[in-house]
Amino acid sequence: MITFTSYPTQQDYSAHSSTKHHPDVAEDVHMDLYDDEAFAAGAKLTLPGEYLTSSQAFMRGHGTYVNDEEVIASVAGTVERVNKLVTVRPVRTRYNPEVGDLVVGRITEVQPRRWKVDAHSRQDAVLMLSSVNLPGGIQRRKLESDELQMRTFFEEGDLLVAEVQAFFSDGAMSLHTRSLRYGKLRNGQLVVVPPILVRRLKSHFITLPCGVDLILGLNGYIWISKHVKESDQEGEDGFDAEAVYSNKNDDIDTATRIAISRVSNIIQLISAHFMPLTGAILLEAYEWVVEQDCGTKDLFQDDLGDALITSLRARG
Amino acid sequence: MGSRVDLLNHAGYREDGRTQHELRDFTVDLSKHGHADGAAAVTHGLTHVLVTVFGPREAKSRAQTMHDRANLNVELTIAAFSAGERRKRSRGDKRILEMAATIKSTFEPVVQTNLYPRSQIDIFVQVLQQDGGLLQACINATTLALVNAGVPMLDFVCAVTGGVYSTSPMLDLTLLEENDVPNVTVAVMPKTGKVTLVTMETRLHVDRFEEIFRLACAAAKVLHKEMKDAVRHRTAELVSAMGAGHGAPDRENTMIMDES
């Protein structure tokens, strides 16, 4: 029979399909298996429609609903409890924004006085004209002429890094780029990973020693680019409008290009194996790849990729 | 074909060797599929369906945006090579549209769309092989893909086809049986026993209906267990993969970042 598999290769489900039990007995068999092991590991797994607890003693949080005084899970994931609040955190889901999060996004639409930004969330985010740095000084007032030339700042398809500023009443998020570190992105490549793999870090701007800058957006968008020196970034009197809104890439030498594609391949490999991404892990993986002295694309060969993941796991 | 195939022989076996109440081999593949938020490939015997779910995400058009809940958008494509005879169906084919609408109405009461106002959840159903029980495979695969995408649902939806050959009820019909036997497809939420879909394209005697209906509901519970096992297996795998990199991720990371 033909089977369609996507990378990584299909998992072997023989473990659960080989042992079949009569429905009446099966419940008991599975009870032991999952309850003991899962509880011991500290992560209790649940599935949609499964009873969690009584609603009289507990409050329902995200990922649950109440029916007949029972709190029931609505997503598959791990059960978490904070005092009387029971929540279920799904393993794979879209990005759930919180104020202050750093995100990488792509402009989808230019509207009057605002941009719409795709940030891997359930709705497009909004970037108001008043929450971007305008050329000619940070303190400059917004003029009508700025409204007419919004496309000179951001156009459809442009990538940007921003921070979540606030939420609208319907749950859509509002972004801002009022910092020298935020703004339009260039000189690099975007990689998309599941948002849960990007944990909150002290800094989401990471510089790898191989001359590559990384921006780990909490929404799972990761920007890998050529390293920019701190002093260049500042520019004169702290803000260089031409550089910030420029659409032209700098010259990138071959070594940097190779480094960027290496890092991007490493990230794709790590995310395919569902490991959380941190600066330390990426650094280690990069060193391992350089040590092995393999070509950039060789990582996607199964044996080499598996070897990298095994060595990373062994360390953790 | 001269002689008629005996759909249920004297020994109580069907043409493919199953007994009356036996289901076909049911397999689930929940691995990642491109950029989709969730995907599931399901087989019921030779019927093979792949469902990818995108969303909840920004609705494509203003007209589809609803201010109080998300819009479910179901698109069904049947591969030209999926049936015995090669046949290309156009997008606007009435039968395909009807099936997509059936899937949509099956899931509308189950998916908690009210949590995602102004969004859209895209469900792309691709039929790769068909051998009867197409709707049941589509519904089961959609359930699994939605669960895999982390879309909140009240419960699983498990669907199964039942039919009756003279007076004996049968479950999970193949194409051969489906063509000859009056049949009904039932979709159940196993936890509460609520039924979200009952559909018939053939005429079924009213006296037989209850028996088949009850049998299908019981069969749905069996499928539910299989689906739960697959999802639980996949979830456990992902959770352990995430934990494997770091023992206590948050604390360890910050310490490392301090040094750099």
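Residues numbered from 1 in each chain as written. Chains lettered and ligands numbered in written order. Predicted model: local features only at pLDDT ≥ 70, side-chain atom pairs only at ≥ 80, totals over all residues. Heavy atoms only, no water.

Taken verbatim from the UniProt record of chain B, the Sequence similarities (unreviewed entry) comment is "Belongs to the RNase PH family." (UniProt positions renumbered as here; feature names shortened; annotations may be inferred.)

Per an unreviewed UniProt entry, chain A carries the name Ribosomal RNA-processing protein 4 and comes from Hohenbuehelia grisea. Chain A has a UniProt comment under Subcellular location (unreviewed entry) that states "Nucleus".

Draft legend 1. Representation of the overall build of chain B. Broken down by element type, chain B carries five helices and nine strands. Taken from the N to the C terminus, the helices and strands of chain B come in the order β-β-β-β-α-β-α-β-β-α-β-β-α-α. A burial count over chain B gives 55% of its 260 residues as buried. Here the contacts in chain B between residues at least 6 apart in sequence split such that 67% fall between residues at least 24 apart. (Helix = DSSP H or I, 4+ residues; strand = E, 2+ residues; numbered from the N terminus. Buried < 20%, exposed > 50% of the residue type's maximum accessible area, 1.4 Å probe, protein only. Contact = heavy atoms within 4.5 Å.)

Draft legend 2. Region of interest: empty space enclosed by the protein. Residue and element names in this part refer to chain B. The tally for this structure, following the rule as stated, stands at four cavities of 30 Å³ or more. Approximately 90 Å³ is the volume attributed to the largest cavity. Breaking the lining of the largest cavity down by element, the ones donating at least two residues are α2 (134-148) and α4 (206-244). (1 Å grid on protein atoms, 1.4 Å probe; cavity = no way out; pocket = protein on both sides within 12 Å on 5 of 7 lines; lining within 4 Å. Points joined across faces, edges and corners; volume = space filled by probe spheres on them.)

Draft legend 3. Molecular detail of the sheet that holds strand β1 (residues 44-46) of chain A. Residues and elements named next belong to chain A. Pairing within the open sheet is mixed, and its four strands lie in the order β1-β6-β7-β3. Looking at strand neighbours, the two that pair on one side only are β1 and β3 (59-60), the edges of this open sheet. Here two bridges tie β3 to strand β7 (residues 85-90), and the two strands are oriented parallel to one another. When the sheet's bridge partners are listed, Met 59 is paired in β7 with Leu 85. (Pairing = 2+ DSSP bridges.)

Draft legend 4. Region of interest: the environment of Gln 111 of chain A. Tracing the backbone through its elements, the reader meets Gln 111 of chain A in strand β8 (residues 102-111). What makes Gln 111 of chain A buried here is its relative accessible area of 17%. Each C-alpha atom, one on Gln 111 of chain A and one on Leu 127 of chain A, is 10.0 Å from the other, the two residues being 16 residues apart in sequence. Among residues more than four places away in sequence, those in contact with Gln 111 of chain A are Lys 116 and Met 150 of chain A together with Arg 62 of chain B.

Draft legend 5. Local environment of the pattern of salt bridges. The tally for this structure, following the rule as stated, stands at 27 salt bridges over all chains. Residue Glu 50 of chain A pairs with Lys 228 of chain B through a salt bridge whose shortest N-O separation is 4.0 Å. Here the residue Glu 50 of chain A occupies a position in the loop between β1 and β2 (51-54), and Lys 228 of chain B occupies one in helix α4, the pair thus bridging two chains. Residue Lys 228 of chain B is classed as buried on the basis of its relative accessible area, which comes to 12%. Residues joined by salt bridges that share partners form a network here, namely Arg 14, Asp 16, Arg 18 and Glu 177 of chain B. (Salt bridge = Lys/Arg side-chain N within 4 Å of Asp/Glu carboxyl O.)

Draft legend 6. Structural context of the packing of aromatic side chains. According to the stated counting rule, one finds six aromatic pairs over all chains in the structure shown. On the numbers, 5.7 Å between centres and 70° between planes, the contact of Phe 54 of chain B with Phe 124 of chain B is edge-to-face. Remark: Phe 124 of chain B occurs in strand β5 (residues 119-129) and Phe 54 of chain B occurs in strand β3 (residues 47-58); sequence separation between them is 70 residues. Under the relative-accessibility criterion, Phe 124 of chain B is labelled partly exposed at 22%. The aromatic ring of Phe 58 of chain A is capped on one face by Lys 84 of chain A, whose charged end is 5.3 Å from the ring centroid. A cation sits over an aromatic face here: Arg 181 of chain A above Phe 205 of chain A, 4.4 Å from the ring centre. (Phe/Tyr/Trp six-rings, centres within 6.5 Å; stacked < 30°, edge-to-face > 60°. Lys NZ or Arg CZ within 6 Å of the ring centre and 35° of its normal.)

Draft legend 7. Seen up close, the pairing of strand β6 (residues 77-82) of chain A. All names here are of chain A. Strand direction decides the pairing type here: β1 and β6, joined by three bridges, are antiparallel. Counterpart to Lys 44 in the pairing with β6 is Val 79. Where β6 and β7 come together, six bridges link them in antiparallel fashion. Counterpart to Gly 77 in the pairing with β7 is Pro 90. Taking the residues that link successive antiparallel strands as the turn, the β6-β7 hairpin has two residues, and the phi of Asn 83 there is positive, at about 50°.

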